[in-house]
Each structure stands twice: as structure tokens, then as C-alpha cells.
Amino acid sequence: MNDPKYTGQEFKVIGSRVKRPDGIDKVTGRARYGADMNAPGQLVALMLRSPHAHARIKKIDISKAEKLPGVKAVITAADLPDLTEGNAGLFDTLENSMARDRALYDGHAVAGVAAIDKSTAKKALKLIKVTYEKLPHVTDVDDALEDDAPIIQPRYATEGQHGNLINKGEFGQGDIDQGFAEADVIVERSYKTGQTHQGYIEPHACLASVSPDGTGELWVTTQGHYSYRNTCAQLLGMDIAKLKVTSSEIGGGFGGKTHVWMEPIALALSRKANRPVKMVMSREEVFKASGPTCSTSMEIKIGAKKDGTIVAARAECRYMNGAFPGMWGTLGGMTAFACYSIPNNKAIGVNVLCNRPKVAAYRAPSAPMMAFGVESTIDQLSKELGIDPVELRLKNVAREGTQAPYGPVWGPIGIEPTLEAVRDHPHMKAKLGKNQGRGVACGFWFNIGGQTCSDLNIGPDGTVNLTVGTIDVGGARASLAMIAAEELGITYEDVKVNIGDTSSLGHNDTTEGSRGTFSSGMAAIFAARKAVDVLKERAAKMWQIPVESVIWEDGSARANGKEHSNLSPLTLKDIAKKAGSTGGPIAGHHEATAEGAGVSFASHIVDVEVDPETGKTQILRYTVVQDAGKAIHPDYVEGQFQGAAAQGIGWALNEEYIYGKDGRLQNSGFLDYRIPVCSDLPSIDTKILEIPNPGHPYGIRGVGETSIVPPLGAIGNAVSNAVGVRMYEVPMSPPRILKALDEAGV
Amino acid sequence: MAGVHVTTTINSDPVEYVCPADESLMDVLRDRLGLMGVKEGCGTGDCGACSITLDGQLVCSCLVLGAEAEGRAITTVEGMADGQNLHPLQEQFINNAALQCGICTPGFLIAAKALLDENSDPTETEIRYALAGNLCRCTGYDKIVKAVQAAAKDLRK
Amino acid sequence: MEVFLSGSLVDSLNGLTSVEVEAKTIRELLTRLIDRYPRLEDHLEEGIAVAIDGTIIRDDWETPIPVGSEVFLFPRIIGG
Ligand code: FES
Ligand code: FES
């Protein structure tokens, strides 16, 4: 597996900074996102949502709403299939789209309306009468495990453990008790992190159209149009092949658009009304009723020898899953100590239910929270040991051959090189002033491959269409065109990449886990290689020589051997032109489960200044060092690093869902849920390391997620170095910092 | 609700429309006039995706009523390019990879143009504050700032 | 060979963290394990990932398992 062949490849197109193909559409306003599509006769749909955190729905009276002129369909759970006996995952998905017997969180949908226009739909919502019986609620992850906490989902409760505790994922090696017994210094601390939202600027939006013959179309902003298709078809009892889902341009997703929310309801309304239905969430609905990330609460304990050798580590973290179970704790348990080589380690991720919206993935889901606790604890350990924090990390760093806490043995990995790059970076020598401090932290993310299907078609003039089923959330079409061009030996401009709808390609897994460029890139390479085989056959026919004598080089077929020295090379264009008379269209196709995704690591440096008067933290300098594997398009790799760091900065300093005593979300808008703006941030410096992934022909790893992992810990460490108080809760908002300063008597 | 009749100028073209008195200019531009380059990120004036200029003034079109456009001059992203020639800001946003998903891009372009119309040589800090009303969740703003600096330089030539 | 398990999979093996199984492919491995520990089947729906000598395989069940390799089973990973 550790075949060094992939190193030293020479690329012509890969690694250059070409212009993205969708750039002009996006700077002229021509690109169509979720809300930018209309259909003849379309209706506008709106959702009525629960104002209660937890309530029994005793009765819904829709009769007045239905009678309002202009209203074409009203839907409640009674109109939807009852999946109680079926697959639990599908049941949850449908119940989350529309509450059945109980509203489980503030904003849970209880009825949907489709009307001729928005104002009619709004009036209709007011005419729906819902009789609720309020139930006790709980929104804090620790409170949810108290004895007197209401049980959110009795059907998930297990005998012998708290009814809101879904399951635990436990990972690690060695004997931690013995490890801690050997330690000279042990640091044990508790931490909490707030719930954040992906904060994509484009709200969820779709245009659904179902006809009485059982066929349907869905135009939707999504990271996974195939999985939306499969889910919606199953929920509504449609044939998968008859529901065509087209992914619009997507205005950000970060994991939040991997899951259906109101789309099944839009389809159901369209079916009932027999008219196309457009449904767009308001920002408030996005916050309340799409899928934010988990809030957490954890204990971290790390023990080391005097010389800095970490001998034992334990983490236990409770992940608030919202009202429906997920696997978030499990992912947290797997990532907790992945950056280090610790002989005795145990990490436990616990999944807990609360009256909050169903949690969805958010960029490297579950990793940033554990990393906050682990990286903060390592920093405190370094202080107790009197060892430089970067050196302490380097001393215990995971390397090729280290066994990951969740089992596999690492191949060539980049954590040590990123830490060395941090140590040697000029940023580490920048001067710091009063109330300023520097922090460093590391992060890990798996990256994934998955099911992928791509089509490559060569036109009569030799230009190429590559159709892929992963979506383009930030330059993927450019990267994929570069890969196809590289493989075929033609120019980037000669390749046009399209995102296929669900009827044009086989199943493609959702574009998540940084898999887009990795797996569609892999499929593009193999599809191109198959097309090259065809091109060689055609050239052989044109020359009337055996195909074995044809080789492919620099975008041309060449006849091998002295006897053919009179034959001058045939370019791809030459062969394409003659395709009609040599056997018809030339294409390559590839479908497979892309395996071999390469893990990725990052180390970040941050300088902050904390104002002791206001508690406000300003980011002064920020440097991201991440292993990208081979960087296809460096601009977009840097952009991913910067964007991920900015999201992490927001999480660390400001962003947080705030629930009132009534269990209702108090800051469901960008005014009060404040994401970083341009003037909050400095320029974010990046350094791309390219440690090739042996599992990919070009050495590609995923790049999108890892850099959201380190910022929380890095900033916590920097704040501590700036003003001498250790922050145990994220976000480190001004009131929290002031309180900590006050308590420390600073 | 009775409609209001509005006569206005959009991207230098004369336009007339009828809209309910309480309809936002954003909805008018998007849903009645098909100018979908005006994006909706929040509808409450917090994200800047719906930015346009009204008589040269940068505004969030979600906070302006359609009826208020009477007799005014509106510019949207659709009016930025001059025929086949992109505006230097548009050009530099592409060159500098200043967009990832691109949903925020029209708003940033309009806001950046409003800044450069006033100040042809802004500092980085001035750029960052001038664009602070526009949210971008993808880029971390770095490449957006660089694109605006590059465009400002082009425009000064 | 010895197969190591982690995370919530351990529950379905009645608390065992490793078992002895002979198998030439992932498919064979999973079939034999389910024969012995039927509760593992629930996890198959959510997905299981397998690491063979450090390389993670998510879906390709025909992947051969070389003799003497180190095999780990853990819950399937999703992302953002
Ligand atoms: S939509 Fe107008 S500011 Fe957000
Ligand atoms: S590029 Fe996606 S929000 Fe700015």
C-alpha cells in the first residue's frame, strides 16, 4: 500500500490556478440556486411550526385554512404515510419533516400549506388551529441526563440506562488505569461547547412537482441529490427511477444539506395539489428547523511522564443529538486522540437526546468539540511540565505505523510535518504586545470515498463532457476538469464538467466528508482511461495496425515501433473527428465505490488580543497548516482552509444557540447569531503540505473539513496566554471572558 | 391589497411594475422582474446578499419596499458588466477565487463597487469595514479582500 | 485471524473487543460474524467500515483480506 510510485508524478494541469468554469455565471447573477427556479402554475408553500419545545398535538383543525380562496393543499402528518412499523431511520426523517403526535422542539413543523402566492399561504397558516398540550422539556445536554428529565423519545429508551442516552461509542487501546498510574503529571478538566449552525448563506429551497401518474421532479439545493431522491421516494411511496432530482447551484452546505428537511413535504403538497410547489425556508426556519451541530459537555484527562511522554489519556464527551438519534458521539470518540500516539487511551462519545432540532453534520462533524477539550488539556499539561506546547505535541505525535485509536494503522500521514511547519513558521516569532497571546492546536479528519458514478463523453470536435454526480460547492468543476484534462493529455479549456441529475447517472453518495474531488476525481481518471482505450482502438483502425502497437502520450495516439515510423501521431481531436466511421461515439464510464480516502491533519497558529475591559477577543494573526495530499487547484484548497478556519473562529468566539427557560430558541437570526464578518478577521495565512495519499492515483486527500477542528483549542490556548485565564466553555464570548477574568481576580 | 404602480429605472432601463404596498423591493426584483442575481439570505437586513444600489446608495433590497423605488435608479449585479466586458471587480473575483459557493458574490460585488465609487484606493481596513455588512460563510473573506484590492488597482489605471 | 471491534459494535458482540474468524473477503468476514452474532446485522444497515492493515474500506465487500493482515471493524464514518 505504501507504494512510492505516486510520488514524483509530473503534472501538466494539476496544481495550476485555472479559472473556474462557473465563475462568469456566478459574478453576473446568472447562476441558479435553490430559490431561483420557477415552474408554470407554481404554488408557494409555507410551513406552520410548533411554538413549543415539547408538546402533545391533540388536534389540528385545517378546515378554515382549506376553505380560504387560493389555498390548494394543506398537509399534516395525517396525510403522510405512517411508518411506525418500518425502518427507524426513515420514520425519524419523516417525523422530523412533520411532527406526528408530539412536537419535539421549537420550530418542529406541524402543517404545510400550498397556495397561489405567499400572502395567501401566510393567511392560511393563521387559520390553522392546533391544540397543544405542553409537556416538560429539556434543552441542555447535562440536564437531559438528570433523573427527572423528560424522556424525549421513549421508543429509543433502553432498560438499565437513562432514557435520553442513546448509545456510547468507545475507542482506544491499552490499559488506561495502569497508564495513569505510571504518569508523573495528570491534568483532568471539564469543558463545554455551544451548539452552532453551519450558517450557509443560502436557505433551504426547492421546487417540487409530482403528477398523478406517479412521476415527479425536484429541483433542490442539496449536497446529495441521489440520497434526497432515495429518501423522498421511499417516504412518499414513489418509484426511485420516477423521481428526478436536480441539484441547483448550492449556496453553501457544510454538512447541513446532506439531509432532507422540508423537501418531502413540498413533494407531498405538490402531489395533493397536482401543481408545482416552491418552498423556501426563512432564515429563522433554517436556524430552528434544519440541522445544526451538537452542543457538548466533556471530561478530558491526560497523564505524562516528566520528560513529556504521554502515557495515558481518557476522554468522555456527551453529544447533544437534538430530538433524533445520530452517530455524533461515535465520531467524536474516534477522532479525540487521533493526532497522537498514546499507548493507553480511551475515548467515549455519548449520544444524548434533547428538545432541540435534529443535529446534522457540520464540517468534520464532532471532531472540533473533542479537539477543544484535548488541545486545551495538552496545553495545560505543557505548562505543568514546563515543556513548550509544540514540542510536547511533537514528542507524542502520531506517525506512519502508529495505530489510530479506532483501529487502523496509519500510512504516510501529515500531522508531524504540519507541527514542524508550525514550529518553523515566521508567525511563531511575531512580537506580541500587552493582553496578546499565541495559541497552537491540532486537528484530524478522516475523509471518505463512497459510491461514485461518472460519465465522460468525447464530442465530434474532441472537446469533452464529464458528467459527475457529486455537487460543486466551491470549485469542484474546475478541479474535475483539470483531472480529466490531465489524464487525457488535453487542455483544461477542452473539458466541460456537468453535474448530472439523478436520471442521468447511477447512484452517487452525498457530497460529504470531503469526498467530492477525491472520489469523482478518481472516477474521472478511470473513465478517462477507459476512453483512452477506445481512442487507441480507433487510432489502430484509422492506421490499420494492431491496437497493441498504439500508445497514448500527451493527448495523442502514437504508433509504436520502427515499422510504423511513417505514421504521424493522431491527436484526440483527429480521432474524435473520425469517430462516426470508426465505430461511433467515444466515451468512458466509471462506477465504483471509491476506497482509499486519505486522512488529513492540520495544525493552526493564532494570535489574539483580549480587551480586559470588554472581554472582546480580536484575532490578530492566523495561520493554517494542513496536509492536503496533492492539491489540484491551490486557490480552492487555500479557500477551504481559510473558510474552515473562519467558521472555527466564529464557533470559538461568538456563535451559539441560546435557549430560554421556555425551551425556545432566542437567537434565530444573523443579528443575534453572529457569524464572523470581514472586519472581525485578519488575513488568514495558509500553508499547504502535500503528503500524497497512496490510496489515490494522484495522491489526493480530502481538504474541506480538517481545518475547522483546531481553531477552538488554538484560540482557547491563545486567550489563556494573553490574559492568564483558562476558558472551559466555548464560545469564549465577551461575557464569559469577563466572568473568568473576574473570578481569577485579574 | 391594492397594487401600487411604480415607474423606475433598473440597470439604466426604464421599468414599470405593480406590486402590493407591503412587498419588499427584493421580492419585486426577484419574483416579478426575474432579477435573480439579487439573493435572499435572511430577509432582515443582516446578510447583504440582496444588496443593490438605489440612486447610487448601497442598500439591502429586503429592507426597501417595492413602492419606494418610484422615480429612483436601481443597480443590481445584472447591470455590472458592460456588454461582453466584465467589470474589473467581477474579473478579479474570478481571478482571485474570491467565491466558493457564490451565493454571497452578487452582494459583495455591489457593495465593493459602492466602496470603490467613493474611494478609489481604500486600505485593507477600509475594505474590511465597508464589506462588514455582507456575510460570506465559505471564504473567510481573505480572497474577497484581495480581489477588491486588485480591482481597485485595475480601476485606477 | 483476529478481528478487532470498536465503538458501538462492541455491544452487539456481547462486549467482546476481538474475535477469531477465518475469512478471505470482507463479505465472508461479515457473513460469518453475523452468523455468530446476529445483533451485528443492525449495524450493517447504518454501515460498517473495515480497516485491513490500516486501509479503510467502507463499501467494497469483495475486497480480499490477505493472510496475516490486521483487521478492524468500526462504525461507518459520515462527514460534512
Ligand atoms: S436578504 Fe437582505 S440582507 Fe439578507
Ligand atoms: S462564497 Fe459561499 S457564502 Fe460567500
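The name given to chain C in an unreviewed UniProt entry is Molybdopterin synthase sulfur carrier subunit, and the organism recorded there is marine gamma proteobacterium HTCC2143.

As recorded in an unreviewed UniProt entry, chain B goes by the name Carbon-monoxide dehydrogenase small chain, listed as coming from marine gamma proteobacterium HTCC2143.

**What about the overall build of chain B?**
Scanning chain B for helices and strands turns up five helices and five strands. In chain B, the succession of α and β elements from N to C terminus is β-β-α-β-β-β-α-α-α-α. For 157 residues, the compact-globule estimate of 2.2 N^0.38 gives 15 Å, and chain B sits close to it at 15 Å. Along the three orthogonal principal directions, the C-alpha set of chain B runs to about 45 × 30 × 25 Å. Carbon and sulfur atoms form 47% of the exposed surface of chain B, whose accessible area is close to 6,200 Å².

**Let's talk about the overall build of chain C**
Within chain C one finds three helices and five strands. Going from the N terminus to the C terminus, chain C shows its helices and strands as β-α-β-α-α-β-β-β. By the compact-globule yardstick of 12 Å for 80 residues, chain C fits well, its C-alpha radius of gyration being 11 Å. On the principal axes, the C-alpha backbone points of chain C span a range of 30 × 25 × 20 Å. Split into buried and exposed, the 80 residues of chain C put 57% on the buried side. Considering only intrachain contacts with a sequence separation of at least 6, the fraction spanning at least 24 residues in chain C is 49%.

**Topic: the packing of aromatic side chains**
Within this structure, the stated rule accounts for 20 aromatic pairs over all chains. Look at A:Tyr406 and A:Phe444: their rings are 6.4 Å apart centre to centre, the planes differ by 45°, and that puts the pair in the tilted class. You can see A:Tyr406 sitting in the loop between helix 11 (389–395) and helix 12 (415–424) and its partner A:Phe444 sitting in strand 16 (residues 436–445), a full 38 residues away along the chain. The buried category is assigned to A:Tyr406, whose relative accessible area is 1%. A residue is classified by how much of its surface remains accessible, and A:Phe444, at 2% relative accessible area, is buried. Cluster of aromatic residues (ring-pair linked, three or more members): A:Tyr406, A:Trp410, A:Phe444, A:Trp445, A:Phe446, A:Phe601 and C:Phe74. A cation over an aromatic ring shows up here: A:Lys301 above the ring of A:Phe180, its NZ or CZ 4.3 Å from the ring centre.

**A short note on the interface of chain A and chain B**
Taken together, the contact between chain A and chain B spans 51 residues of the former and 44 residues of the latter. It is A:Val27, A:Ile201 and A:Cys678 in chain A that bury the most area against chain B; as a group they hold 20% of the surface buried on that side. Taken together, the connections running from chain A to chain B amount to five salt bridges. Two residues, A:Asp36 and B:Arg30, come together in a salt bridge whose shortest N-O distance is 2.7 Å. At the junction of chain A and chain B, the tally comes to 25 residue pairs in polar contact (both at pLDDT 80 or more). In terms of residues, the side of chain A that touches chain B owes the most to one element, helix 17 (residues 634–653) of chain A, which gives nine residues. Considering only residue class, the side of chain A that touches chain B consists of 24 nonpolar, 17 polar and ten charged.

**Some words on the domain arrangement of chain B**
All names here are of chain B. Its domain assignment divides chain B into domain 1 (4–79) and domain 2 (88–156). Distance from the C-alpha centre of domain 1 to the C-alpha centre of domain 2: 21 Å. Listed by partner, the interface residues are 13 residues for domain 1 and eleven residues for domain 2. Between domain 1 and domain 2 we count zero salt bridges in total. At the junction of domain 1 with domain 2, the criterion picks out two residue pairs in polar contact (both at pLDDT 80 or more). Considering every element that reaches the side of domain 1 that touches domain 2, the biggest residue donor is strand 3 (residues 51–54), with three residues.

**Comments concerning a negative patch on the surface**
Residues and elements named next belong to chain A. Together, Asp 143, Glu 146, Asp 147 and Asp 148 give the surface a local cluster of negative charge. Here Asp 143 shows up in the loop between strand 6 (129–134) and strand 7 (165–173). For Asp 143, a relative accessible area of 41% puts it in the partly exposed group.

**Overview of the interface of chain C and chain A**
Bring the parts together and some accessible area is lost; that lost area is often taken as the interface size. Across the boundary between the two partners, chain C contributes 21 residues, which contact 39 residues of chain A. Taken over both partners, the interface formed by chain C and chain A buries close to 2,100 Å², and the fraction arising from carbon and sulfur atoms is 61%. Applying the counting criterion to the chain C and chain A interface returns zero salt bridges. There are zero residue pairs in polar contact (both at pLDDT 80 or more) connecting chain C and chain A. Residue composition of the side of chain C that touches chain A, grouped by class: eight nonpolar, seven polar and six charged.

**Quick word on the pairing of strand 5 (residues 109–115) of chain A**
All names here are of chain A. By the criterion of burial, strand 5 is predominantly enclosed, with seven of the seven residues buried. Judged from the six bridges that link them, strand 1 (residues 43–49) and strand 5 form a sheet pairing that is antiparallel. Bridge pairing in strand 5 links Arg 49 to Ala 109. Bridge count for strand 3 (residues 71–75) against strand 5 is four bridges, and the pairing is antiparallel. Paired with Ile 75 across the bridge in strand 5 is Gly 112.

**Focus: the state of the cysteines**
Counted by the stated rule, this structure contains zero disulfides over all chains. The thiol sulfur of A:Cys354 is not disulfide-bonded, and the nearest other cysteine sulfur, from A:Cys294, lies at 10 Å. Left without a disulfide partner, B:Cys19 is nearest to the cysteine sulfur of B:Cys62, which lies 15 Å away. On the basis of relative accessible area, B:Cys19 is assigned to the buried category, the value being 1%.

**Description of the nonpolar core**
Of all hydrophobic cores here, the largest spans 213 residues; its most connected members are A:Tyr406, A:Trp410, A:Ile715, A:Met732, B:Phe93 and C:Phe74. The residues contacting C:Phe74, other than those within four sequence positions of it, are A:Phe171, A:Met334, A:Tyr406, A:Pro408, C:Ser6, C:Leu9, C:Ile48, C:Ala49, C:Ala51 and C:Ile56.

**What to know about helix 13 (residues 476–488) of chain A**
Residue and element names in this part refer to chain A. The end-to-end C-alpha distance of helix 13, which contains 13 residues, comes to 18 Å, matching closely the 18 Å that a straight helix rising 1.5 Å per residue would cover. Taking burial as the measure, the 13 residues of helix 13 include 13 buried ones, the bulk of the element. Among the residues trailing helix 13, Gly 489 stands out with phi positive, at a value near 80°.

**A short note on the sheet that holds strand 18 (residues 464–468) of chain A**
All names here are of chain A. The strand order 19-18-17-23 describes an open sheet built from four strands, whose pairing is mixed. This sheet does not close on itself; its edge strands, each paired only once, are strand 19 (495–499) and strand 23 (586–594). Along the sheet, successive strands turn relative to each other by an average axial angle of 15°, direction set aside. Relative to strand 19, strand 18 runs parallel, the two being bridged by five bridges. Paired with Leu 466 across the strands is Val 497, a residue of strand 19. The strands touched by helix 13 are strand 17 (450–458), strand 18 and strand 19; relative to strand 19, the strand with the most contacts, the crossing angle is about 135°. Set on the sheet, helix 14 (residues 516–543) makes contact with strand 17, strand 18 and strand 23; between it and strand 23 the angle comes to about 145°.

About the criteria used
Residues numbered from 1 in each chain as written. Chains lettered and ligands numbered in written order. Predicted model: local features only at pLDDT ≥ 70, side-chain atom pairs only at ≥ 80, totals over all residues. Heavy atoms only, no water. Helix = DSSP H or I, 4+ residues; strand = E, 2+ residues; numbered from the N terminus. Rg over C-alpha atoms; globule rule 2.2 N^0.38 Å. Areas by Shrake-Rupley, 256 points an atom, 1.4 Å probe, with all protein chains shown as cover. Buried < 20%, exposed > 50% of the residue type's maximum accessible area, 1.4 Å probe, protein only. Contact = heavy atoms within 4.5 Å. Phe/Tyr/Trp six-rings, centres within 6.5 Å; stacked < 30°, edge-to-face > 60°. Lys NZ or Arg CZ within 6 Å of the ring centre and 35° of its normal. Buried area = accessible area lost by both parts, 1.4 Å probe. Salt bridge = Lys/Arg side-chain N within 4 Å of Asp/Glu carboxyl O. Polar contact = N/O pair within 3.5 Å; in protein donor to acceptor, adjacent residues only side chain to side chain. Nonpolar A, V, L, I, M, F, W, Y, C, P; charged D, E, K, R; others polar. Domains from an automatic or database assignment. Patch = residues over 30% accessible without salt bridge, like charges linked within 9 Å, V, L, I, M, F, W, Y side chains within 5 Å. Lys, Arg positive; Asp, Glu negative; His and termini not counted. Charge placed at Lys NZ, Arg CZ, Asp CG, Glu CD. Pairing = 2+ DSSP bridges. Disulfide = S-S within 2.5 Å. Core = buried A, V, L, I, M, F, W, Y, C linked by side-chain atoms within 4.5 Å. Expected span 1.5 Å × (residues − 1). Axes fitted to C-alpha atoms, helices over the stretch in contact; angles between N-to-C directions.

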